[in-house]
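Chain residues, written in single-letter form:
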Amino acid sequence: MAPSQKTLRTCDKGHEYYKSSDCPTCPVCEQDMKPDTGFLSLLSNPARRALEHHGITTLQKLSAFTEREILQLHGMGPRSMPILRDALHSQGLTFKPSDKTPKKKVVDP
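Residues numbered from 1 in each chain as written. Predicted model: local features only at pLDDT ≥ 70, side-chain atom pairs only at ≥ 80, totals over all residues. Heavy atoms only, no water.

## Comments concerning the overall build of the protein
Okay, step 1: When its secondary structure is counted, the protein shows five helices and two strands.
Okay, step 2: Order of helices (α) and strands (β) in the protein, N terminus to C terminus: β-β-α-α-α-α-α.
Okay, step 3: Burial status across the protein gives 27% buried among its 109 residues.
Okay, step 4: Excluding contacts between residues fewer than 6 apart, the proportion of contacts in the protein whose partners are at least 24 apart in sequence is 32%.
Okay, step 5: Counting every atom, the protein has about 8,300 Å² of accessible surface; 54% of that belongs to carbon and sulfur. (Helix = DSSP H or I, 4+ residues; strand = E, 2+ residues; numbered from the N terminus. Buried < 20%, exposed > 50% of the residue type's maximum accessible area, 1.4 Å probe, protein only. Contact = heavy atoms within 4.5 Å. Areas by Shrake-Rupley, 256 points an atom, 1.4 Å probe, with all protein chains shown as cover.)

Take a look at the structure:
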């Protein structure tokens, strides 16, 4: 397997960087956008962008989703889930319960 060729690129702000994929994200701009505090600061850039893209910027908003819904977001991976669970737990919150929880059968006497 041949190593991928990196190409020199320049973003709209004039930062120069090398990329081997077709991803247009400038790593310098991306680092500037990363928050210094809060649960979003603990995530990888793709995971953070996935949440931000869907307007999930607070733990309260995050708690309105199931774990499965969050994992389906492009850029979100399983390594982010423990971070998100811990952040929610620290505020007394949890993910929305899954719809796949078994329901108790009611048996007529």
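## Focus: the nonpolar core
Among soluble globular proteins, nonpolar side chains are generally buried collectively.
Okay, step 1: Membership of the largest hydrophobic core comes to 17 residues, with the highest contact counts inside it found for Phe39, Leu51, Leu62, Ile70 and Leu84.
Okay, step 2: No other element matches the four residues that helix α5 (residues 81–90) contributes to this core.
Okay, step 3: Once residues lying within four places of it in the same chain are set aside, the contact partners of phenylalanine 39 are Leu51, Ile56, Thr57, Thr58, Leu59, Leu62, Leu84 and Ala87. (Core = buried A, V, L, I, M, F, W, Y, C linked by side-chain atoms within 4.5 Å.)

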